[in-house]
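Residues per chain are reported as follows:
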Amino acid sequence: SRGLGDVYKRQSYLRGGLFTVAHKKDFDRLIFDRRPQNWSELRLAWARLPHGSQLTRLVLRRGEHIEGSGDDLRTFFFQLKNAPESIPRGALGREFPGDDYTSYGCQPGVSYMLCLRVVPMGDLNAVDVAQETHKQLLELFGCMDPENLLVYGLPFPGSKVFEGLYIDDHIVLAIIPDNGDRPGLDLDIIESSHRAYAHYQLPLSTEKAFGLSRPGAVSGDTDFVAWGTEVLGRLGVVSAPTSKLAHLFLLVGKWAAFRYTS
């Protein structure tokens, strides 16, 4: 935009590139190859994440089951405005003359370069910035109570409701009596999180919502996948997803059939 050339003309640009990683049938993940910049920066180390293995520590008593609900933010990294000083470190592509882009504020006879103004996937600190930003905006709306929070490496909460945040995935679990006497705290947390997302105009991946996060739902899901971990809430079973276990079983079977292996 107009003025950026004046602001940054005395700064050296570090260029990166773009590549994609296969993700879904209709679209891929866009990654900014920022290795030259990352090598010259320090990690913030803000992120304190949950891990699916923690769910094996859930204890159900007779007459109880687990219900889960969750949301996923759409393109969350690209919703985060980067610090102005980082713009020259987000350059990509080649320089181009401004003559053909005057309608965008470019000046004839001046060279320009595309620069990212958001925190891209591939930035050394993207996970730390995204995790802490998401956590704090949820805290402003009454979510992320430390008494219920799942963080890998910290003591497991002793409550009946559990909440965890993994970058753009917000998940709430609740131990529910089979008699249907719901405590309702899991619904309160989900509703508060939706108010936070609406307030900050953050788009949700509605196709990934489950449990109470779906419109009109009155209960969480008893069978669901959270942070890559499959939970069968009425059976009380927590493990890697069955499809992955099946593949591992087949691989181990093939390996065992060899006379020797490296």
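Residues numbered from 1 in each chain as written. Predicted model: local features only at pLDDT ≥ 70, side-chain atom pairs only at ≥ 80, totals over all residues. Heavy atoms only, no water.

### Focus: the environment of Val21
Relative to the helices and strands, Val21 is located in strand S1 (residues 15–21). Residues Val21 and Ile31, ten residues apart in the sequence, show an inter-C-alpha distance of 7.4 Å. In contact with Val21, not counting residues within four places along its chain, are Asp28, Arg29 and Ile31. (Helix = DSSP H or I, 4+ residues; strand = E, 2+ residues; numbered from the N terminus. Contact = heavy atoms within 4.5 Å.)

### Focus on the pairing of strand S4 (residues 91–97)
Pairing analysis gives two bridges linking S1 to S4, with the strands arranged parallel. Residue pairing for S4: Arg15 is matched across the bridge by Ala91. (Pairing = 2+ DSSP bridges.)

### Quick look at the confidence of the model for the chain
Chain-level pLDDT for the chain is 91 on average; 95% of the residues reach the 70-or-more range. Throughout residues 1–10 the model reports pLDDT below 50, and contacts reaching past four residues in sequence, or to other chains, amount to ten contacts. (pLDDT = per-residue confidence, 0-100.)

### What about the environment of Leu154?
In this fold, Leu154 is placed in the loop between helix H3 (126–139) and strand S6 (161–166). Classification of Leu154 by relative accessible area gives partly exposed; the value is 39%. Considered as a pair, Leu154 and Arg48 are 106 residues apart in the sequence and their alpha carbons are 9.7 Å apart. (Buried < 20%, exposed > 50% of the residue type's maximum accessible area, 1.4 Å probe, protein only.)

### Points about the sheet that holds strand S8 (residues 223–226)
With respect to topology, three strands assemble into an open sheet ordered S8-S9-S10, the strand pairing being antiparallel. For this open sheet the edge positions go to S8 and strand S10 (237–239), each flanked by a neighbour on one side alone. Neighbour-to-neighbour, the strand axes of this sheet turn through a mean angle of 15°, independent of strand direction. With three bridges joining them, strand S9 (residues 229–232) and S10 adopt antiparallel strand pairing. In the strand pairing of S10, Leu232 is matched with Val237. (Axes fitted to C-alpha atoms, helices over the stretch in contact; angles between N-to-C directions.)

### Details of empty space enclosed by the protein
Counted under the stated rule, the structure contains one cavity of 30 Å³ or more. Of the pockets and cavities examined, the largest cavity occupies roughly 50 Å³. Surrounding the largest cavity, Phe32, Arg34, Asn82, Ser86, Arg89, Gly90, Leu116, Val118, Pro120 and Asp123 form its lining. Within the lining of the largest cavity, the residues separate by chemical class into four nonpolar, three polar and three charged. (1 Å grid on protein atoms, 1.4 Å probe; cavity = no way out; pocket = protein on both sides within 12 Å on 5 of 7 lines; lining within 4 Å. Points joined across faces, edges and corners; volume = space filled by probe spheres on them. Nonpolar A, V, L, I, M, F, W, Y, C, P; charged D, E, K, R; others polar.)

### Describing the sheet that holds strand S7 (residues 169–177)
Spatial ordering of the open sheet is given by S3-S7-S6, a layout of three strands whose pairing is antiparallel. Two strands in the sheet have a free side with no partner beyond their single neighbour: strand S3 (64–72) and S6. Direction aside, neighbouring strands of the sheet carry axes that sit 15° apart on average. Here nine bridges tie S3 to S7, and the two strands are oriented antiparallel to one another. In the sheet register, His65 faces S7, and the bridge partner there is Ile176. The sheet strands contacting helix H4 (residues 185–199) are S3, S6 and S7, and the helix crosses S7 at an angle near 160°.

### A short note on a nonpolar patch on the surface
A grouping of Leu18, Leu30 and Phe78 is seen on the molecular surface, where their side chains present a nonpolar patch of about 260 Å² in accessible area. You can see Leu18 is positioned in strand S1. (Patch = residues over 30% accessible without salt bridge, like charges linked within 9 Å, V, L, I, M, F, W, Y side chains within 5 Å. Areas by Shrake-Rupley, 256 points an atom, 1.4 Å probe, with all protein chains shown as cover. Salt bridge = Lys/Arg side-chain N within 4 Å of Asp/Glu carboxyl O.)

### Regarding the pairing of S1
Note that S1 and strand S2 (residues 29–33) share five bridges and pair antiparallel. What sits directly across from Thr20, in S2, is Leu30.

### A word on the environment of Tyr200
Looking at where Tyr200 falls in the secondary structure, it is placed in the loop between H4 and S8. For the pair Tyr200 and Gln79, spaced 121 residues apart in sequence, the C-alpha separation works out to 10.0 Å.

### Remarks on H3
Between its first and last C-alpha, H3 extends 20 Å over 14 residues, near the 20 Å set by a 1.5 Å rise per residue. Of all the positions in H3, only Ala126, Asp128, Ala130, Gln131, His134, Leu137 and Leu138 are classed as buried. Residues of H3 that are buried sit in contact with S6, S7 and H4. (Expected span 1.5 Å × (residues − 1).)

### Remarks on the side chain of Ser193
Looking at the secondary structure, you find Ser193 in helix H4. In contact with Ser193, other than residues within four places in its own chain, are Asp71, Leu138, Cys143 and His170.

### Looking at the pattern of salt bridges
In this structure the tally under the stated criterion is eleven salt bridges. In this structure, Arg34 and Glu41 form a salt bridge, with 2.8 Å as the shortest nitrogen-oxygen distance. Overall, Glu41 belongs to the partly exposed group, its relative accessible area being 22%. Between Arg34 and Asp123 there is a salt bridge, and its shortest N-O distance comes to 3.5 Å. Of the two residues, Arg34 sits in the loop between S2 and helix H2 (35–38) while Asp123 sits in the loop between strand S5 (111–115) and H3, which places them 89 residues apart along the sequence. Ionic contacts of the salt-bridge type, sharing partners, join the residues Arg34, Glu41, Arg89 and Asp123 into one network.

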